[in-house]
2 protein chains.
Amino acid sequence: MDPKQLLKEHITKTVKLSDDEFDEFFGYFTTESHKKGQYMITAGDRIDCEYFVLRGCIKTFYINDNLKMFVLQFAMPGYWASDYSALYGGSRATINIGCITDTEVLCLSNKGREEACKKIHHVEHFFRHRMTSEYVASQKRLLSTMNNDVKYRYEELITLFPELYNIVPKRLIAAYLGVSRETLYRLNNS
Amino acid sequence: MDPKQLLKEHITKTVKLSDDEFDEFFGYFTTESHKKGQYMITAGDRIDCEYFVLRGCIKTFYINDNLKMFVLQFAMPGYWASDYSALYGGSRATINIGCITDTEVLCLSNKGREEACKKIHHVEHFFRHRMTSEYVASQKRLLSTMNNDVKYRYEELITLFPELYNIVPKRLIAAYLGVSRETLYRLNNS
């Protein structure tokens, strides 16, 4: 499916834009292709884009002072990703985004999103709805991280995103759950 | 300060509403007073409101099957609180909101917020901005929970909200950090 159609289907789940509104909104996006292993955002970068995944799978991750990796998000087609703290706060990125597979994304700049939201009320509605869903999902994950053991959280992740099991290396799933690869290996074999 | 003025000052930090727009928006709110110890939301409730705190302090919390409490949020004047998953998803509440002190809040129903957002573009902008900030804060807390030890997270909380130290019992701060009261006591005396 072409990028425009994919984005349109995604947005129509939340709000109906007229053809003219959608054409104007789509004009704010550019397309990018990245190879497996490439970084789209590196900690320390000044960033100005959020990404809508068209094809492939990317990971949003943080590396601490002891070089331990924490995965915040896996984003597949139909998902958005960026360092939102840096994007909205104007600060430098503290997290990284890297490609788990070859990837194609649509990019929307900060300025582009704000302009589109101002001009087209329906677009502002879409982004409010999107941010609300992200917030609700983030709160659920926080509570699950505090309350549930790794086995429960692993099953929760695989139930929510069954396709991850085949695409994403187990060491990255371990880094999402905040455990070592060995712990995850024991879970898979228990 | 009166409720209308407090809400106006809060909203003006994000967006300038005309007097007519603000009056119309304020018409969607009602005022409620609650006593220390009262519950505003109980797990299992059907809920239809989000709350803007005018006076006092409330806690949003979850109690698991082993009766262990996890505090998700402390909300003081100028903060919003609800069970957003239930509010937006139409499901029953899974968390509770209780009053740490005598409390006065403004209530905005789901229907009221959606109507106001549809009628007044600036209001939709305000709520998009608000949800984005909540999402960014929630992601930061998730990362901090995964990456930092309790001592660091305790200092982070008290630096962000120094007033909590005097208002909130230590057992609730422990339940926010996901540790026992004894662990927090040791931190305070180390």
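These remarks concern the structure in this document. (Residues numbered from 1 in each chain as written. Chains lettered and ligands numbered in written order. Predicted model: local features only at pLDDT ≥ 70, side-chain atom pairs only at ≥ 80, totals over all residues. Heavy atoms only, no water.)

Some points on the overall build of chain A
What counts here: Secondary structure elements are taken from DSSP: a helix is a run of H or I of four residues or more, a strand is a run of E of two residues or more, and numbering for both begins at the N terminus. The reference for a compact globule is 2.2 Å times residues^0.38; the radius of gyration itself is calculated from the C-alpha atoms. Between buried and exposed lies partly exposed: a residue is buried under 20% and exposed over 50% of the maximum accessible area for its type, with that area taken using a 1.4 Å probe on protein chains only. When checking whether two residues touch, look at their non-hydrogen atoms; a contact exists if any pair is within 4.5 Å.
A tally of helices and strands in chain A yields nine helices and eight strands. For chain A, whose C-alpha radius of gyration is 17 Å, the value lies close to the compact-globule estimate of 16 Å for 190 residues. Each principal axis of the C-alpha atoms in chain A carries an extent, and together these give about 55 × 35 × 30 Å. Here chain A, with 190 residues, has 51% of them falling under the buried criterion. For chain A, restricting intrachain contacts to residue pairs at least 6 apart in sequence, the fraction spanning at least 24 positions comes to 70%.

Overview of the packing of aromatic side chains
Residues and elements named next belong to chain A. Here is the rule: Think of it this way: a Phe, Tyr or Trp ring, Trp meaning its six-membered ring, pairs with another when their centres are within 6.5 Å, and the plane angle makes it stacked under 30 degrees, edge-to-face over 60, tilted otherwise. Geometrically, a charge over a ring is one whose NZ (Lys) or CZ (Arg) sits within 6 Å of the ring centre while staying within 35 degrees of the ring normal.
Scanning the model with the defined rule gives 28 aromatic pairs over all chains in all. Here the aromatic cluster, defined as three or more aromatic residues joined through ring pairs, consists of F22, F25, F26, F29, F52, W80, F126 and F127. It is R141 that lies over the ring of Y176; its NZ or CZ is 3.6 Å from the centre. The ring of Y165 has K170 sitting right over it, with the charged end atom 4.3 Å from the ring centre.

Regarding the state of the cysteines
The condition that has to hold: We call a pair of cysteine sulfur atoms a disulfide whenever their separation is within 2.5 Å.
Scanning the entire structure with this criterion turns up zero disulfides over all chains. Note on C117(A): no disulfide assigned, nearest cysteine sulfur contributed by C117(B) at a separation of 12 Å. Looking at C57(B), it has no disulfide partner, and the nearest cysteine sulfur is the one in C99(B), 9.4 Å off. On the basis of relative accessibility, which here comes to 1%, the residue C57(B) falls in the buried class.

A short note on helix α2 (residues 19–26) of chain B
Residue and element names in this part refer to chain B. Note the following rule: In this description, one arc is meant: the one made by directions from the helix axis to the C-beta atoms.
Among the residues of α2, F22, F25 and F26 are the ones counted as buried. Summarising the axial view, the buried residues of α2 lie within an arc of 95°, below the 170-degree limit, and thus occupy one face. Lining the buried residues of α2 we find α1 (3–12), β1 (29–34), β8 (103–109), α4 (110–119) and α5 (121–147).

Details of the pairing of strand β3 (residues 49–55) of chain B
All names here are of chain B. Cut-off, in case you're wondering: Paired strands, in this sense, are two strands between which DSSP finds at least two bridges.
For β3, the tally of buried residues reaches six of seven residues, placing the bulk of the element in the interior. Sheet topology note: the β3/β8 ladder contains six bridges and is antiparallel. Its bridge partner lying in β8, Y51 is registered against C107. Across two bridges, β3 lies against strand β6 (residues 80–81) in antiparallel orientation. Residue F52 lies in a different strand from β6, and its bridge partner there is W80.

Focus: the pairing of strand β5 (residues 69–75) of chain A
Residues and elements named next belong to chain A. Where burial is concerned, most of β5 is hidden: six out of the seven residues are buried. Both strand β4 (residues 58–63) and β5 contribute to a ladder of six bridges, which runs antiparallel. Of the residues in β5, the one forming a bridge with K59 is F74. Counting the residues that bridge the hairpin from β4 to β5 gives five residues, and of these L67 lies at a positive phi of roughly 65°.

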